[in-house]
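Here's the letter readout for the chains.
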Amino acid sequence: MGESSHRAGRPGRARAARALFTDPVLPVAALGIAAIAAVLHAPVLTWAITGGLAGYSLSGSV
């Protein structure tokens, strides 16, 4: 009984919190910003990934 009465007291607040956590606007914006940053730094990222893969393969981990 205490659980249902506690939950029934703030239906708008719970709905707002659920909408905030499930709204895709923030993750999409973050991915968009990351994509733009990756495009602007593509040569550096390419060499960093290539160097990381080369180091991994040369270390005997493969």
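Each chain has its residues counted from 1, running along the sequence as written. Per-residue local features are limited, in this predicted model, to residues with pLDDT of at least 70; the limit for side-chain atom pairs, both in listing and counting, is 80 or more; totals at the level of whole chains, interfaces and linings are taken over all residues. Note: side-chain values were computed over all heavy atoms of the structure, leaving out hydrogens and water.

1. A short note on the overall build of the protein
Under the convention used in this document: Each helix is a run of H or I in the DSSP string that is no shorter than four residues. Each strand is a run of E no shorter than two, and both are numbered from the N terminus. Only protein chains enter the accessibility calculation, which uses a 1.4 Å probe. A residue is then buried if its area is under 20% of the maximum for its type, exposed if over 50%, and partly exposed in between. Note on areas: Shrake-Rupley, 1.4 Å probe, and residue coverage restricted to the protein chains presented here.
Summing up its helical and strand segments, the protein has four helices and zero strands in all. Looking at the protein as a whole, 0% of its 62 residues qualify as buried. By element, 73% of the accessible surface of the protein is carried by carbon and sulfur atoms, the whole surface being about 5,500 Å².

2. With respect to helix α4 (residues 42–58)
Just so we agree on the cut-off: Multiplying one less than the number of residues by 1.5 Å gives the expected span of a helix.
Counted at 1.5 Å a residue, the expected span for α4 with its 17 residues is 24 Å, and the 24 Å between its end C-alpha atoms agrees. Looking one or two residues past α4, Gly60 carries a phi angle of roughly 90°, positive in sign.

3. Observations regarding helix α2 (residues 11–22)
Helical periodicity: at 3.6 residues per turn, an α-helix aligns residues three or four positions apart in one direction. The terminal C-alpha atoms of α2, which comprises twelve residues, lie 16 Å apart, in line with the 16 Å expected from a rise of 1.5 Å per residue. Counting buried residues in α2 gives zero out of twelve residues, a small share hidden from the surface.

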